[in-house]
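# Observations on the model geometry
One-letter residues, chain by chain:
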Amino acid sequence: LYSSDHIGMAAGLNSVDPFVALIIAAEATTTLRVGPLVLNNEFHQPALLARTVISVDQMTQGRLVLGMGTGYAQVEHDAIGMRLRAPGPRVTRFGESLQVLRELCDIGSCIFDGDHHQIDISELGIRPVQRRIPFLIGGHGRRVVSLAGQHADIFQFTGLTHAADGTPSGGGFGIEQIRERAAWLTEAAGNRNDVIERSALVQVAAVGAAAHAEAMATERLAHYADVIDDTPFILSGSLEQIIDKIERLRRDLLISHFVVRDAEGFAPVVAALAGK
């Protein structure tokens, strides 16, 4: 179960704190893994975030997955009076944050002197339940994919490109662009390839003839008609068609982790894949 990290955006996007609701959800269950998808790194100082992350891992009995991204929306930063760095410095800061977080979460100490962060912590004083808190890193640009190769336990293909103000669009939904990112990840990961799970952030999941017809009638999905058969970001069609597509994506791109917004609507796919 994943939460989001937004504030001051248009109606319809949840602005709940990314961690508080997850603690409640974990408390109500016994095996459910939880995490933010994804934190806007620009909102967070990594040492303070590490303290929160480890605390939440303790409170969820070691079931936290830490989702991280660079942040992108100008409107959110304007809403709270926070400067949104240009893409280059933003990605550099993201890389520094990942390094600090990894050291503090793994060994409880970090000495770091970077362009954006100066950290001198010999003992954080709090340790997670998990030996290694999984980092999920989502993105589309080459530098972010390369950082995922170095730090991620899960890399999430998003297919999202951004306008100058950060407005996202599916400019990277084409399968060839995904293949290119997969090659970048393989190159950057080196001997870590076997430990990185590949994920897709599904924008539309419509299971069954009626749901598929309704989805196809929308202007949004019609815009992606030329990529719908292959892209991992749209799972729409009959139960058999969706299962076949998921199996192809796993075989061809090693994608074995899908994030969908409509858990109830997608449940028949999960049941079928589980052999139930």
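This text goes with the structure placed above it.
Residues numbered from 1 in each chain as written. Predicted model: local features only at pLDDT ≥ 70, side-chain atom pairs only at ≥ 80, totals over all residues. Heavy atoms only, no water.

## Description of the sheet that holds strand 8 (residues 154-157)
As a general point, the strands of a sheet are linked pairwise by backbone hydrogen bonds and lie either parallel or antiparallel. The criterion, for reference: Being paired, for any two strands, means DSSP has found at least two bridges between them. Secondary structure is summarised from DSSP: a helix means a run of H or I of at least four residues, a strand means a run of E of at least two, and numbering begins at the N terminus for each. The criterion used for residue contact is that any of the two residues' heavy atoms lie within 4.5 Å. Only the stretch in contact is used when a helix axis is fitted, and all axes are lines through C-alpha atoms; the angle between N-to-C directions ranges over 0 to 180 degrees.
Within the open sheet, the six strands sit side by side as 3-4-7-8-11-14. Their pairing is parallel. Of all strands in the sheet, those with a lone pairing partner are strand 3 (39-40) and strand 14 (255-259), marking the two edges. Relative to strand 7 (residues 135-139), strand 4 (residues 66-69) runs parallel, the two being bridged by three bridges. Bridge assignment links Met 68 to a residue of strand 7, and that residue is Ile 137. Sitting on the sheet, helix 6 (residues 175-189) touches strand 8 and strand 11 (197-201), and the angle it makes with strand 8 is about 160°.

## Observations concerning the layout of surface pockets
Worth spelling out the cut-off: Only protein atoms enter the 1 Å grid, on which a cavity is a set of points fitting a 1.4 Å probe that cannot get out and a pocket is an open set with protein on both sides within 12 Å along at least 5 of 7 lines, lining residues being those with an atom within 4 Å of a point. Grid points are joined across faces, edges and corners, and a volume is the space filled by probe spheres set on the points.
A volume near 170 Å³ is recorded for the second largest pocket. Every residue lining the second largest pocket is listed: His 212, Met 216, Ile 228, Asp 229, Leu 235, Ser 236, Gly 237, Gln 241, Ile 242, Lys 245 and Arg 248. Among the secondary structure elements, those contributing two or more residues to the lining of the second largest pocket are helix 7 (209-216), strand 13 (234-237) and helix 9 (239-253). Per-element accounting of the lining of the second largest pocket gives the leading share, four residues, to helix 9.

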